[in-house]
Each structure stands twice: as C-alpha cells, then as structure tokens.
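Architecture and fold: a report
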Amino acid sequence: MNKPVAVKSKISGISFSFEGKNIRTEQLVRGEIVAKNETEARAKLTRRQIRVVNIRKVKKSRQKKISATDITVFTRQLSTMMKAGLPMMQAFDIAAKGHANPSMTAMLLNIRSDVEQGHTLADSFAKYPKYFDRFYCNLVRAGETGGVLESILDKLSLYKEKTQSIKKKVRGALTYPIAVIVVAIALIFVMMMYVLPAFAKVYQEMGVSLPGLTQVMMNISDFFVAYGIYMLIILIGGAVGFIKSMQKSQELQKRVDYMLLKMPIFGPIVRKAAIARWARTTATLFAAGVPMVEVLDSVAGATGNIRYEEATQDIRAKVNQGISLTSSMEATEVFPNMVIQMTLIGEESGSLDDMLNKAAEFYEEDVDTAVSQLSSLMEPIIMVVLGLIVGVILVAMYLPLFNIGNAVG
C-alpha cells in the first residue's frame, strides 16, 4: 500500500487543506493549497493531476516574519543538497517542510510551484524582492545560464554567511553602548522621579538645611516629577519618529551614513565593514561571470552605506566609459590604498575575484578584531561614567545625613 505524501503550495489567497489521489500513481496525497476560492483550489489540484477526495478551508494563524537568517540557512541547505545530487524540486520540498517558520515554508513552496510551472529559479526568487534582492537574483540567473547553479549557490551561501556575520558584529558594537545608555537614562529617571522625592519628604519633615549639591539635585528631581512623563514621551516619540523618518527619507539616511563614517570610534568599524561587503559582493558576482557594469549596479546597494553606494555608482559610470576599475575606485577617494593596489594586481593578473576576496577577508578579520577591542574598551568606560552619575546622585541624597551626624557629634 502506498504511503501518503504531503504536498503544499502557498500563494496569496485562502488556504485550503486537501486530501486526494494522484491520478497516475493512485498515491494518497494530503497537504495545503492557497487559492481565491474552493473552485480555483480544485482546478489547481486537477492541473497537478490530483483527484480531490476532501477539501476544506484552513483557519488563519499568525505567521512569523521571515528573517535574513532564514534566507541564509535556506541558501546553504539548497546549495548542499544540490551539490549532493538531489533534484531541485526535492531539495525545495526538504528545505520547506523542514523549516520551523511557516511563512518561510509557504514562500519556498510557492517558489517551487513557479519553477515547476516553467519559470526560471531567478524569476521565481525575484517575485520576493524583500527577501531575494537584485544581487541574489543576478547570481542565480548567472548560475542557471552557465549551468553552474550548484557552484553559484555555494558561493552565494558563503557570501550570505560572511556578510551576515559582519553585520552582526557591527550591530553588536553599536548596540552595547546604546543599551547601556538606555539603562542609565531609565535609572536616572527612576531615581529622580521616585527615590529623591522620598528623601526630600523626609528632610522636609526633619527640617534639615540642605547642602548646595543636594538642593540642586532636589530641584532637578522636582522638574522630573513635574515633566518626567512628558520627557519620556518626547524621548520615545523622537526616537521612533527619527527611525521612521530615516526609513522614508533618503536625504536623512544619507546624513546619518555620512555621520557614522566620521565618528571617531565607530566610524572606522563602519567603514571597514562597508569595504568588506563591497569587496565580497564584487568578487562573488564577478566570479559568477556577470559583466562588470552589471556587477557594480548590483553592488551599489549591497554596501549598507549611502556614501559607498554613491561611490559605486560613480565607479560604474567611469567603467562604462572605458576607464579601468582601479582608476575609477581611486577617483572616489573612499577606498584605502591596500584595496586599490589589490584590485590593480587582480586586474593585471586576471584574478580580480581572488584578490577582492582576500581584501574582504582581511577587512572582515579587521572588523572582528576592532569590535572585540571596542567591547573590551567601552565596558569599563561606560561603567565608570554610569558609576559617576549614580554616585553623585547618591552623595547628594545622603549628604544631609552626614551633616546631621557631624552636628550631633
């Protein structure tokens, strides 16, 4: 007796669970399909040579967001399975059904369905630009055209793993001090709005004369009590508004990116990370056989920084005019001499992808080292600053008690 086979397909519409039999093999098939209505769902199943026995609507459930990690893991899985000789359709089935995120499973099964209907893999990925950008699709298209999809997927998975790793490191370097500052602000608010007023009430009942430092802190505390809630609303609203504005405004994003590059401590890390991503992306696309002008067109948005995106567009324009890549890079004045020299060697020796990969590895390691050193340096500095702020507040709170003790003595 044949065992049931689970089949799923997901597109926008209503989800239906079904049970049926494969017309050719009489094999029992169960799964889900999405369509506008039951009639369309039955028609789709018929086209897939499935005779429907039972079909019903599936209640909607809240689905998780697809993350960059989900895409990276899928790319590595697909690369590994195809290199092992599994057919693409089977590899998609395994990757989709084994995924813990239902949204990812639905998207992969939909892509599988498109490929099964005759669309190219690159075109099927391109329907989801939020998760598969132009760079990703260009690489897959180059792999399909050249008959080296397995090799391209391997390069693509390595690229995704490397770039995601460096993004996490840079994000971690920026997140730690921000998190500590947020905690410090929260602590100051609590002390000013709740702790100091309690001490002020005690000192008022005792009729104690307050020292100058304590009086200053009590005045600040009174301001926090009166306007603290409004200050919190302004701070939170301002932060959310700034983030939303930065997402919508290209000009604001540009200013922030320029400012990040000029920061004394974090600037060099952001710069090295952008250069590493630029070199890694260029090398990966060039090794796949994509023409240099198209490479630079895809690379422009992959650096994560508008300054380097603009520089890449300038490089693209010059290369399109017949100027060498090295000369074009040098004219932008944003690439260090080492990267320019390695690019020159790569152009002259015909090993541009190898040299750019070496440059990417160098800067990735440099970012890793810089982030580790920054974390080691920032922790004691932030703790000292936070300790000083809290210490001054505590001294101001207890100073009147010391004066009372001295007077009694």
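The structure we're discussing is the one just above.
Keep in mind that what you see is a predicted model, and the values were worked out from it rather than measured.

**What to know about the overall build of the chain**
For the chain, the helix and strand inventory stands at 15 helices and four strands. For 409 residues, the compact-globule estimate of 2.2 N^0.38 gives 22 Å, and the C-alpha radius of gyration of the chain, at 30 Å, exceeds that figure by more than 25%. Summarising its shape, the C-alpha atoms of the chain cover approximately 100 × 65 × 35 Å along the three principal directions. Evaluated residue by residue, the chain yields a buried proportion of 40% over its 409 residues. Of the contacts made within the chain by residues no fewer than 6 positions apart, 61% connect residues no fewer than 24 positions apart. In the form shown here, the chain has an accessible surface area of approximately 22,300 Å², with 59% of it arising from carbon and sulfur atoms. Placing the 48 positive and 36 negative side-chain charges of the chain at their respective mean positions leaves the two points 10 Å apart.

**What to know about helix 4 (residues 102-116)**
Taking 1.5 Å as the rise per residue, helix 4 with 15 residues should run 21 Å; its terminal C-alpha atoms sit 21 Å apart, in good agreement. Of the residues that open helix 4, the one with a side-chain oxygen 3.0 Å from the backbone nitrogen of Ser103 is Asn101. Remark: Gly118 follows helix 4 within two positions and exhibits a positive phi of approximately 110 degrees.

**Quick look at the pairing of strand 3 (residues 28-35)**
Of all eight residues that make up strand 3, six are buried, and the element is covered over most of its length. The sheet contact formed by strand 2 (residues 14-22) and strand 3 spans eight bridges and is antiparallel. Residue pairing for strand 3: Phe18 is matched across the bridge by Gly31. Connecting the antiparallel pair strand 2 and strand 3 is a turn made up of five residues, with Glu26 showing a positive phi of about 60 degrees.

**Things to note about the environment of Pro336**
Along the polypeptide, Pro336 turns up in the loop between helix 13 (325-332) and helix 14 (337-349). Owing to a relative accessible area of 25%, Pro336 belongs among the partly exposed residues under this scheme. With 107 residues separating them in the primary sequence, Pro336 and Ile229 have C-alpha atoms 48 Å apart.

**With respect to helix 8 (residues 212-248)**
Bending of helix 8 peaks at approximately 70 degrees at the position of Tyr227. Of all the residues in helix 8, the buried ones are Thr214, Met217, Met218, Ser221, Phe224, Gly228 and Met246.

**A short note on the nonpolar core**
By size, the foremost hydrophobic cluster in this structure holds 82 residues, and its most contacted members are Phe74, Phe125 and Phe132. A total of 12 residues in this core trace back to one element, the largest contributor, which is helix 15 (residues 352-408). Contacts of Phe132, omitting those with residues within four sequence positions, involve Ile71, Phe74, Met107, Ile111, Phe125 and Cys137. One finds Met193, Leu196, Leu386 and Met397 within the second-largest nonpolar core, a separate group that totals 16 residues.

**Things to note about the packing of helix 8 against helix 9 (residues 250-262)**
Where helix 8 contacts helix 9, the axes come no closer than 5 Å and their chain directions differ by 105 degrees. By the criterion of interaxial angle, the relationship of helix 8 to helix 9 is roughly perpendicular. In contact with Phe242, Ser245, Met246 and Lys248 of helix 8, helix 9 contributes Gln250, Leu252, Gln253 and Val256. Taken together, the residues that form the contact of helix 8 with helix 9 break down as four nonpolar, three polar and one charged.

**Some details on the pattern of salt bridges**
Evaluation of the coordinates by the stated rule reveals 14 salt bridges. The partner of Arg134 in a salt bridge is Asp297, with the nearest N and O atoms 3.6 Å apart. Of this pair, Arg134 sits in helix 6 (residues 134-146) while Asp297 sits in helix 11 (residues 292-299); the two residues are 163 residues apart in sequence, bridging distant segments of the chain. Residue classification places Arg134 among the partly exposed residues on the basis of a relative accessible area of 48%. Here Glu310 ties to Lys254 by a salt bridge, and the two come within 3.2 Å at their closest N and O atoms.

**Brief notes about the packing of helix 10 (residues 267-287) against helix 11**
Two elements in contact, helix 10 and helix 11, have axes whose closest approach is 9 Å; the angle formed by their N-to-C orientations is 140 degrees. The element helix 10 and its partner helix 11 pack so that their crossing is right-handed. Counted together, Trp278, Thr281, Thr282, Leu285 and Phe286 of helix 10 and Met292, Val295, Leu296, Ser298 and Val299 of helix 11 form the full contact between these two elements. Class assignment for the residues of the contact of helix 10 with helix 11 results in seven nonpolar, three polar and no charged.

**Regarding the side chain of Thr284**
Residue position: Thr284 is located in helix 10. Sequence-distant contacts of Thr284, defined by excluding residues within four places in its chain, comprise Phe135, Leu139, Lys155 and Tyr159.

Calculation criteria
Residues numbered from 1 in each chain as written. Predicted model: local features only at pLDDT ≥ 70, side-chain atom pairs only at ≥ 80, totals over all residues. Heavy atoms only, no water. Helix = DSSP H or I, 4+ residues; strand = E, 2+ residues; numbered from the N terminus. Rg over C-alpha atoms; globule rule 2.2 N^0.38 Å. Buried < 20%, exposed > 50% of the residue type's maximum accessible area, 1.4 Å probe, protein only. Contact = heavy atoms within 4.5 Å. Areas by Shrake-Rupley, 256 points an atom, 1.4 Å probe, with all protein chains shown as cover. Lys, Arg positive; Asp, Glu negative; His and termini not counted. Charge placed at Lys NZ, Arg CZ, Asp CG, Glu CD. Expected span 1.5 Å × (residues − 1). Polar contact = N/O pair within 3.5 Å; in protein donor to acceptor, adjacent residues only side chain to side chain. Pairing = 2+ DSSP bridges. Bend = angle between axes of the 7 residues up to and from the residue. Core = buried A, V, L, I, M, F, W, Y, C linked by side-chain atoms within 4.5 Å. Axes fitted to C-alpha atoms, helices over the stretch in contact; angles between N-to-C directions. Parallel < 35°, antiparallel > 145°, perpendicular 65-115°, else oblique. Nonpolar A, V, L, I, M, F, W, Y, C, P; charged D, E, K, R; others polar. Salt bridge = Lys/Arg side-chain N within 4 Å of Asp/Glu carboxyl O. Left-handed = near helix turned anticlockwise from the far one by under 90°.

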